[in-house]
Amino acid sequence: MNGDKRFLDVIKVGTVTEFRVRTSDTDAGKLVMSLEDVTFERARSAAYNYIWDHGKYMWTIRGIVE
């Protein structure tokens, strides 16, 4: 692991759940995944899978409801 820190914001907007990757608190984030009509458990599982697939970074997951 090279020590790079990433944030995975899991954002719920209506029936859509978006995953945005950010490199800092001031970064707007890059949309990497959008899921329609999923449960909390499914969204959490998808977030863990995304982090597992991109394991070279140190991750923080944050959940946001808009």
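Keep in mind it's a predicted model, so treat the numbers as computed, not measured.

**What to know about the packing of aromatic side chains**
Summed over all chains, the structure comprises two aromatic pairs. Taken together, a centroid distance of 5.9 Å and an interplanar angle of 80° make the contact between Tyr50 and Trp59 edge-to-face. In this structure Trp59 comes out as buried when scored by relative accessible area, which is 16%. Among the aromatic residues, those joined into a cluster by ring pairs are Tyr50, Tyr57 and Trp59.

**Topic: the layout of surface pockets**
For the largest pocket, the calculated volume is near 270 Å³. In this structure, the largest pocket is lined by 15 residues; those nearest its centre are Val10, Phe40, Ala43, Arg44 and Gly63. Listed by contribution, the elements that provide at least two residues to the lining of the largest pocket are β1 (5-13), α1 (40-53) and β4 (58-65). In the lining of the largest pocket, the residues fall into nine nonpolar, three polar and three charged.

**Describing the pairing of strand β2 (residues 16-22)**
For a regular strand, side chains alternate in direction, first toward one face of the sheet and then toward the other. Along β2, six of the seven residues are buried, which leaves the element largely enclosed by surrounding structure. Here seven bridges tie β1 to β2, and the two strands are oriented antiparallel to one another. Bridge pairing links Val10 to Phe19 in β2. One ladder, built from six bridges, connects β2 with strand β3 (residues 30-36); its direction is antiparallel. Note that in β3 the partner of Thr17 across the bridge is Leu35.

Rules of the game
- Residues numbered from 1 in each chain as written.
- Predicted model: local features only at pLDDT ≥ 70, side-chain atom pairs only at ≥ 80, totals over all residues.
- Heavy atoms only, no water.
- Phe/Tyr/Trp six-rings, centres within 6.5 Å; stacked < 30°, edge-to-face > 60°.
- Buried < 20%, exposed > 50% of the residue type's maximum accessible area, 1.4 Å probe, protein only.
- 1 Å grid on protein atoms, 1.4 Å probe; cavity = no way out; pocket = protein on both sides within 12 Å on 5 of 7 lines; lining within 4 Å.
- Points joined across faces, edges and corners; volume = space filled by probe spheres on them.
- Helix = DSSP H or I, 4+ residues; strand = E, 2+ residues; numbered from the N terminus.
- Nonpolar A, V, L, I, M, F, W, Y, C, P; charged D, E, K, R; others polar.
- Pairing = 2+ DSSP bridges.

Function-wise, these values are silent; they only describe arrangement.
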